[in-house]
Amino acid sequence: MKTLKFSFDLNCKFSVYVPSTVNVDNIDEEAAARMKEYVLGRLASWFGGATTTPAVGAWVTEAGKIVYENVNIVYAYCTSEQATERFKDVVELCEVVKREMSQEAVTLEYNGQVKFI
């Protein structure tokens, strides 16, 4: 029996969770759509492609309020070399999302691990 030799070309994954709210909990679908496109474009330019998928999330604000919102998870796969080279850029991208959308934090997922930026 032959053994199949297989290895993944892109073994790392970055995901940026783009909120649909500004100022913590005010829905702004236009701002969310603009930011989704911006993040999608940045990840695609750095890693050769990116994908977005809608989701619904809930989180607790610093004031203790639960916010339910639509989010777009924008993700890209890359090599470990690309991940090392672009890690700071992706963190800075999350900082832009946080600042432009006036959020307490933005979720960055890297290879299944989460950091709140």
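Keep in mind the model is a prediction, meaning the values are calculated, not measured.

(A) Quick look at the overall build of the chain. Across its full length, the chain carries two helices and seven strands. Beginning at the N terminus, the succession of helices and strands in the chain can be written as β-β-β-α-β-β-α-β-β. When burial is assessed residue by residue, the chain has 36% of its 117 residues classed as buried. Long-range pairs, those at least 24 residues apart, make up 62% of the contacts in the chain between residues at least 6 apart in sequence. Carbon together with sulfur atoms contributes 52% to the accessible area of the chain, which is approximately 7400 Å² in total. Taken together, the 12 basic and 16 acidic charged side chains of the chain have centroids lying 7 Å from each other.

(B) Structural view of the packing of aromatic side chains. Here the structure, examined in full by the defined rule, presents six aromatic pairs. Ring centres of F14 and F47 lie 5.5 Å apart, and the angle between their planes is 15°; this geometry places the pair in the stacked category. One end of the pair, F14, is in strand 1 (residues 12–19); the other, F47, is in helix 1 (residues 29–47), with 33 residues separating them in the sequence. An aromatic cluster of three or more residues is present, and its members are F14, W46, F47, F87 and Y110. Here the basic side chain of K13 rests over the ring of Y75, its NZ or CZ set 4.5 Å away from the ring centre.

(C) Helix 1, seen in detail. Helix length check: helix 1 (19 residues) gives 26 Å between terminal C-alpha atoms against 27 Å at 1.5 Å per residue, within 8%. Listed as buried for helix 1 are A31, A32, M35, K36, V39, L40, L43, W46 and F47. All buried residues of helix 1 fall inside an arc of 165° around its axis, so they share one side. Among the exposed residues of helix 1, those pointing more than 90 degrees away from its buried face are E30 and R34. Where the residues of helix 1 are buried, they touch strand 1, strand 2 (21–22), strand 4 (51–60), strand 5 (66–78) and helix 2 (80–100). A distance of 3.3 Å separates the backbone nitrogen of E30 from a side-chain oxygen at the start of helix 1, and that oxygen is part of D28. At the exit of helix 1 stands G48, carrying a positive phi of roughly 90°.

(D) Quick peek at the nonpolar core. Counting residues in hydrophobic clusters, the biggest one holds 25 residues, and the most contacted among them are V16, V39, L43, F47, V90 and M101. If you list the elements that add at least two residues to this core, you get strand 1, helix 1, strand 5 and helix 2. For this core, the element with the most residues is helix 1, which contributes eight residues.

Cut-offs applied
Residues numbered from 1 in each chain as written. Predicted model: local features only at pLDDT ≥ 70, side-chain atom pairs only at ≥ 80, totals over all residues. Heavy atoms only, no water. Helix = DSSP H or I, 4+ residues; strand = E, 2+ residues; numbered from the N terminus. Buried < 20%, exposed > 50% of the residue type's maximum accessible area, 1.4 Å probe, protein only. Contact = heavy atoms within 4.5 Å. Areas by Shrake-Rupley, 256 points an atom, 1.4 Å probe, with all protein chains shown as cover. Lys, Arg positive; Asp, Glu negative; His and termini not counted. Charge placed at Lys NZ, Arg CZ, Asp CG, Glu CD. Phe/Tyr/Trp six-rings, centres within 6.5 Å; stacked < 30°, edge-to-face > 60°. Lys NZ or Arg CZ within 6 Å of the ring centre and 35° of its normal. Expected span 1.5 Å × (residues − 1). Arc of directions from axis to C-beta. Polar contact = N/O pair within 3.5 Å; in protein donor to acceptor, adjacent residues only side chain to side chain. Core = buried A, V, L, I, M, F, W, Y, C linked by side-chain atoms within 4.5 Å.

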